[in-house]
Amino acid sequence: MSEAVVPIEDRGYQFADGVYDVLKFHGRKPVRLAQHLERLAESCAGLLIEGVPSAAEWRNIISELADRSELSHDVAEQTILYIQVTRGVAPRLHVPPIPQPPPTVIAYFKAAPRYATELRENGVAMISHPDERWSRCNIKSIALLPVVLAKHAARAAGVFEALLVRDGIVTEGGASNAFCVRDGVVFTHPEGPKILSGVTRGIVLDAARRAGIEVREVPVTLEEFRAADEAFLSSTTMNVMPVTRLDGRPIGDGRVGAITRHLAETVEEIIQDELTLEP
Ligand code: PDD
C-alpha cells in the first residue's frame, strides 16, 4: 500500500468527487457485506459514477485482497475494510468528463479502532453541533469537511462525538447514527437524504424487534433528545456506544440505561449469529 499513488488529477483528490464505505471483518467474515455493497452501489449511482465493480466483482476483489493481505482467519480478530471509489482521473474541469474515465477503486484492510471498556460501561459525552452538511447525506460521500469540523469542535470540548442538529432536529452523529430512549420507546431519525442509512442502524432495528422493544423512526428535537432517559450511537466501528452526557449535562440519570445495554448485547448476538451463517 505504501507504493500506491494518487494522480494529482484524480477527481477524488481535487473535487472530493467520490464515495466510500467502511466494513468490519471478524477474521475473514464480514458483517452484513451485502448491505454495505448495496449502499456503495447506491452511493455511486447517486453521483452518476459509472463502470464500478458489481457486487459479485466486489466479493472477488475483497477475497483476493484478504488473501494478499494475509488477513487472519481467527474470528476473534477484528479488522476494518476501507473502500473508496472516485470518478477517476481527468484534466481538472468541474463538469464530469465524457466519456467517463475508469473510476479509481481503492480498498485496504486496517486495524479496527478499539474502544476502552470504560466508555461502554459509563457511556460517552457529546456536544450538539450544527449539521452543516449538504442535502444528500444518504450518499456516503468522501466530502467530509463539515464532519471534520464538527469532530474538531467535539475534541476541543473534550467529548467523544458531535451530535448533528439541523433546523432544531437531531439528525445523527458525525460518523454514527443517533438514538434516544423515552418511556421505553427508542427514537431515531427516519431514513432519507438527511442521514446516512447506517448498516449498524439496521442491526439495531433488528435487535429491537428481537427484543420486543418499540422503535419510532421520527424526527426528534434537540430539546427532546436532551430530555431523554437514555441515548446511544451506532456505527460499524463501535456497534452500539452508550451516550450519557450531552452539552455538559447528564442524559437521564447519567448512567448507561437498561434498554441501551440490552440492545448493545442483542446487536452483538445478531452479529455473532450471522457470522456463523456466512460461508
Ligand atoms: N461512518 N452516519 C454517518 C454520517 C457515518 O459516517 C456513519 C459511518 C454512520 C454509521 O453507518 P454504519 O453503521 O454503516 O457504519 C452513520 C463510518 C464508520 C466512517 O465514516 O468511518
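Reading the values: the criteria
Residues numbered from 1 in each chain as written. Predicted model: local features only at pLDDT ≥ 70, side-chain atom pairs only at ≥ 80, totals over all residues. Heavy atoms only, no water. Helix = DSSP H or I, 4+ residues; strand = E, 2+ residues; numbered from the N terminus. Rg over C-alpha atoms; globule rule 2.2 N^0.38 Å. Buried < 20%, exposed > 50% of the residue type's maximum accessible area, 1.4 Å probe, protein only. Contact = heavy atoms within 4.5 Å. Areas by Shrake-Rupley, 256 points an atom, 1.4 Å probe, with all protein chains shown as cover. Pairing = 2+ DSSP bridges. Axes fitted to C-alpha atoms, helices over the stretch in contact; angles between N-to-C directions. Parallel < 35°, antiparallel > 145°, perpendicular 65-115°, else oblique. 1 Å grid on protein atoms, 1.4 Å probe; cavity = no way out; pocket = protein on both sides within 12 Å on 5 of 7 lines; lining within 4 Å. Points joined across faces, edges and corners; volume = space filled by probe spheres on them. Nonpolar A, V, L, I, M, F, W, Y, C, P; charged D, E, K, R; others polar. Domains from an automatic or database assignment. Patch = residues over 30% accessible without salt bridge, like charges linked within 9 Å, V, L, I, M, F, W, Y side chains within 5 Å. Salt bridge = Lys/Arg side-chain N within 4 Å of Asp/Glu carboxyl O. Near = heavy atom within 4 Å. Polar contact = N/O pair within 3.5 Å; in protein donor to acceptor, adjacent residues only side chain to side chain. Sits in = over half its atoms within 2 Å of the grid points. Core = buried A, V, L, I, M, F, W, Y, C linked by side-chain atoms within 4.5 Å.

Bringing the overall build of the protein chain into the picture now. What the protein chain contains, in helices and strands, is eight helices and 14 strands. In terms of C-alpha radius of gyration, the protein chain reaches 19 Å, essentially the compact-globule figure of 19 Å for 279 residues. Along the three orthogonal principal directions, the C-alpha set of the protein chain runs to about 55 × 40 × 30 Å. Relative to its 279 residues, the protein chain shows a buried fraction of 46%. At a minimum sequence separation of 6, the contacts of the protein chain that also span at least 24 residues come to 74%. Looking at the protein chain as shown, the accessible area adds up to about 14100 Å², and 54% of this sits on carbon and sulfur atoms.

Here four strands make up an open sheet; going across it, the order is β2-β1-β3-β4 and the pairing antiparallel. Bordering the open sheet on either side are β2 (29-30) and β4 (104-111), each of which pairs with just one other strand. Two elements, strand β3 (residues 78-86) and β4, share eight bridges in a ladder whose sense is antiparallel. Looking across to β4, one finds that Thr 86 is bridged to Thr 104. Sheet contacts for helix α2 (residues 33-46): β1 (18-26), β2 and β3; angle to β1, the most-contacted strand, approximately 175°.

A few words on the packing of helix α6 (residues 199-211) against helix α8 (residues 258-277). Where α6 meets α8, the axes come as close as 9 Å, and the angle between the chain directions of the two elements is 105°. For the element pair α6 / α8, the angle class is roughly perpendicular. Residues Ile 203, Val 204, Asp 206, Ala 207, Ala 208, Arg 210 and Ala 211 of α6 lie in contact with α8, whose contacting residues are His 262, Leu 263, Thr 266, Val 267, Glu 269, Ile 270, Ile 271 and Asp 273.

Empty space left among the atoms is revealed by rolling a probe the size of a water molecule over them. Here the largest pocket defines a volume of roughly 1000 Å³. In terms of residue count, the dominant contributor to the lining of the largest pocket is helix α5 (residues 145-156) (four residues). Each residue belonging to the lining of the largest pocket can be placed in one class, and the counts come to 23 nonpolar, 12 polar and 10 charged. Looking at which domains feed residues into the lining of the largest pocket, each of domain 1 (11-111) and domain 2 (117-275) gives three or more. If you add up the space inside the second largest pocket, you get close to 620 Å³.

A separate point is a nonpolar patch on the surface. Together, Leu 144, Leu 145, Val 148 and Leu 149 give the surface a local cluster of nonpolar side chains, amounting to about 360 Å² of exposed area. Counting through the fold element by element, Leu 144 comes out in the loop between β5 (124-130) and α5.

Our next topic: the pairing of β3. Extensive coverage of β3 is indicated by the burial of eight of its nine residues. Here nine bridges tie β1 to β3, and the two strands are oriented antiparallel to one another. Paired with Leu 23 across the two strands is Leu 81, which belongs to β3.

Attention now moves to the site of the ligand. Around the ligand sit 17 residues, and of these Tyr 20, Arg 39, Glu 172, Thr 200 and Thr 236 come closest. Taking Lys 140, its side chain carries an N or O atom lying 3.2 Å from a nitrogen atom of the ligand. At 2.5 Å from an oxygen atom of the ligand is found a side-chain nitrogen or oxygen belonging to Thr 236. Relative to its free-state accessible area of 480 Å², the ligand is covered by the protein chains to the extent of 89%. At a threshold of 2 Å from the grid points, most atoms of the ligand map onto the largest pocket. Elements that contribute at least two residues to the shell around the ligand include exactly β1, α6 and β12 (230-235). Across the shell around the ligand, the residue classes break down as five nonpolar, eight polar and four charged.

Among the nonpolar cores identified, the biggest contains 20 residues, and Leu 163, Val 170, Cys 180, Phe 225, Leu 233, Val 243 and Leu 246 are the most heavily contacted of them. If you list the elements that add at least two residues to this core, you get β5, β6 (161-166), β8 (177-182), β9 (185-188), α7 (222-226), β12 and β13 (239-246). Sort the elements by how many residues they give to this core and β13 lands first, with three residues. In contact with Val 243, other than residues within four places in its own chain, are Val 124, Met 126, Ala 231, Phe 232, Leu 233 and Ile 251. Counting 19 residues, the second largest nonpolar core, distinct from the first, contains Leu 47, Ile 49, Phe 109 and Ile 139.

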